[in-house]
Structures are given as C-alpha cells and as structure tokens.
Amino acid sequence: ENRELTLLFVDIRGFTRMVNTQAPEESIELLNTYYTLMFDAISGQGGVVNQMIGDGLMAIFGAPLPLDDPPGAAVRAALDMIEMIELLNVERQGTGSVPIAIGIGIASGEVVAGYTGTQQRATYTCIGDTVNLAARLEAHTKLAQRAILIDGATRGAIGDAIAVEALGAVAFKGKAGPVEVFAVAPAANR
C-alpha cells in the first residue's frame, strides 16, 4: 500500500578502515554494541529497524507500527543515537579505543510499503523515492560534515520544536531537481 512514512538511515563513518586496523573480535564487539544502542534509540521512539547491512541500518517510522508523529519520532531517535554514541566514545577513549562517528539521513514522504519475499522468508519493507532520498542524505553527511541531515518534508513536519540549520539545495542522483537539506544540531536540541 502507499503510505506516508519517515525513513532513517545510519552508518558508522570510516568503519571499513577501522576494521582493517583491529582484531576481528573487536569489530564484531563494536558492531554488537553499536546495533544495541541504535535499536534502543529507534524502538524508544516507536520506530522499527528494517534492515541491517554491514555497519548501516534502515529504520521505518510510522509502519508497520502506527505513530502520531513519524518525522518527529525519527529526528528524536537520531538525537538519541548521537547522544548514545557520545557516551560510548567516552568509554572507548577510556580503554584506548578510537572513537566512532555516525551519519544519519532522514526523509519523509510517500512510499510503497508491504511484505515482500518468498514463502521461506518475508519481511516488511518500503520502496520508493523517499527511501532513496533518506539513503542519499545519510551518505551526504560525509560531505556536509554534519551528523544528522533531513529533507524539507521532515523539516516542515517538525516545525520549530527542533533546531535546524538550512544547508541549501543539493542535487542528488536520481532526483529530478535539487532537494532542500537541513542539518539537525544535536547540541542545540539537548
């Protein structure tokens, strides 16, 4: 069915390089800790983790569990994620480990949502332009040097409840025209 939802993508910055410099056990332990924190932040705001791929994941806000405010919930989850990573980094630095950074992209809009797969394995998922835009925003965090980027639809939905910085229009692959991009400043929202 067509649904109005919010999608969130998150990824650890420089994880591949980090994996090449540490023991395999350290990489798996870090991923397990990271995923635990990300799942807690996402589910704590009513979102559902849909996919885990390497060190990245995709979460859905508004389906299959209904939410009153999917964009607000996704942005609050992103802020929680940043705070959790900051706390994790304090622990990591105490043990001499390298701190980690994450990038988060959030987009809101219409998607095609439903169960897909085979009789042996099916999963609830979303496809469409909004999903692609959220993934592009997550990737753009590297260039923008901001931890959380959101699209104009998400910005409009959250109003003035959360402080954002307008970064201007960005041309993304697969988009007919430029997209207005906004950065959420974690420190300003705590």
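Residue positions are given per chain, counting from 1 as you read along its sequence in written order. Given that this is a predicted model, residues contribute local features only at a pLDDT of at least 70 and side-chain atom pairs are listed and counted only at 80 or more, while totals for whole chains, interfaces and linings are drawn from all residues. Values shown for side chains rest on all heavy atoms present in the structure; no hydrogens or waters enter the calculation.

**Re the overall build of the protein chain**
Looking only at helices and strands, the protein chain features five helices and eight strands. Going along the chain from the N terminus, every DSSP run of H or I of four or more residues is numbered as a helix, and every run of E of two or more is numbered as a strand. Along the protein chain, from the amino end to the carboxyl end, the secondary structure elements read β-α-α-β-β-α-β-β-α-β-α-β-β. Against the globule reference of 16 Å for 190 residues, the protein chain gives a C-alpha radius of gyration of 16 Å, in line with a compact fold. Taking the principal axes of the C-alpha coordinates as reference, the protein chain spans close to 45 × 45 × 30 Å. Within the protein chain, the fraction of its 190 residues that count as buried is 46%. Should any heavy atoms of two residues lie within 4.5 Å, those residues are considered in contact. Considering only residue pairs separated by 6 or more positions, the protein chain has 62% of its internal contacts joining residues 24 or more positions apart. Calculation of accessible area relied on Shrake-Rupley with a 1.4 Å probe; when residues are assessed, cover is drawn exclusively from the protein chains displayed. For the protein chain, the computed accessible surface area is about 9,700 Å², with 53% contributed by carbon and sulfur atoms. Note that His is not counted, nor are the chain ends; the positive residues are Lys and Arg, and the negative ones are Asp and Glu. A single reference atom marks each charge: NZ on Lys, CZ on Arg, CG on Asp, CD on Glu. Taking the 13 positively charged and 21 negatively charged side chains of the protein chain as two groups, their mean positions are separated by 6 Å. We compute the radius of gyration over the C-alpha atoms and compare it with the globule rule, which gives 2.2 Å times the number of residues raised to the power 0.38. Partly exposed residues are those whose accessible area sits between 20% and 50% of the maximum for their type, while under 20% is buried and over 50% is exposed, using a 1.4 Å probe and protein chains only.

**Structural notes on the pairing of strand S5 (residues 122–127)**
If DSSP finds at least two bridges between two strands, the strands pair. Here strand S4 (residues 102–117) pairs with S5 via six bridges, running antiparallel. In the sheet register, Thr-116 faces S5, and the bridge partner there is Thr-123. Turn length for the S4-S5 hairpin, with the two strands adjacent in sequence and antiparallel, is four residues.

**Focus: unusual backbone geometry**
Look at the link from Ala-63 to Pro-64: it is a cis peptide, with omega at -10°. Tracing the chain through its elements places Pro-64 in the loop between strand S3 (56–61) and helix H3 (70–94). With phi around 55°, Gln-145 is a residue other than glycine that occupies positive phi space. Within the secondary structure, Gln-145 sits in the loop between helix H4 (129–144) and strand S6 (148–151).

**Some thoughts on the nonpolar core**
Counting 37 residues, the largest nonpolar core has Ile-102 and Ile-104 as the members making the most contacts within it. Going through the elements one at a time, strand S1 (2–12), helix H1 (15–19), helix H2 (24–44), S3, H3, S4, S6 and strand S8 (179–184) are the ones with two or more residues in this core. It is H3 that provides the largest number of residues to this core, a total of 10 residues. Side-chain atoms within 4.5 Å are what join buried Ala, Val, Leu, Ile, Met, Phe, Trp, Tyr and Cys residues into a set we call a nonpolar core. Counting residues in hydrophobic clusters, the runner-up holds 22 residues, among them Leu-7, Phe-9, Val-170 and Val-179.

**Details of the environment of Met-84**
Tracing the sequence through the fold places Met-84 in helix H3. Along the chain, Met-84 and Asp-40 lie 44 residues apart, while their C-alpha atoms are 9.5 Å from each other. Excluding anything up to four places from it in sequence, Met-84 contacts Leu-37, Asp-40 and Ala-41.

**Topic: H4**
Taking 1.5 Å per residue as the helical rise, H4 with its 16 residues ought to reach 22 Å, and the 21 Å between its terminal C-alpha atoms agrees with that figure. Given a residue, its bend is the angle between the two axes fitted to the seven residues that end at it and to the seven that start from it. Along H4, the largest kink reaches about 25° and is centred on Glu-138. Where H4 is concerned, the buried positions are Thr-130, Val-131, Leu-133, Ala-134, Leu-137, Glu-138, His-140, Thr-141 and Ala-144. A positive backbone phi angle near 55° is found at Gln-145, which sits one or two residues after H4. What a helix should span is 1.5 Å times the count of its residues minus one.

**Section: the pattern of salt bridges**
For salt bridges, the criterion is a side-chain nitrogen of Lys or Arg within 4 Å of an Asp or Glu carboxyl oxygen. Enumeration according to the criterion identifies seven salt bridges in this entry. Salt-bridge contacts for Glu-138 lead to Arg-13; the nearest nitrogen and oxygen are separated by 2.8 Å. A residue pair is termed long-range when its members are at least 10 positions apart, and Glu-138 in helix H4 and Arg-13 in the loop between S1 and H1 qualify at 125 residues. Arg-13 carries the same exposure label as Glu-138, and that label is buried. Notably, a salt bridge pairs Arg-155 with Asp-160, separated by 3.7 Å at the nearest N-O pair. The partly exposed category is assigned to Arg-155, whose relative accessible area is 21%. Judged by relative accessible area, Asp-160 falls into the exposed class, the value being 76%. The network of salt bridges with common partners includes Asp-11, Arg-13 and Glu-138.

The values reported here are purely geometric and, on their own, carry no functional implication.
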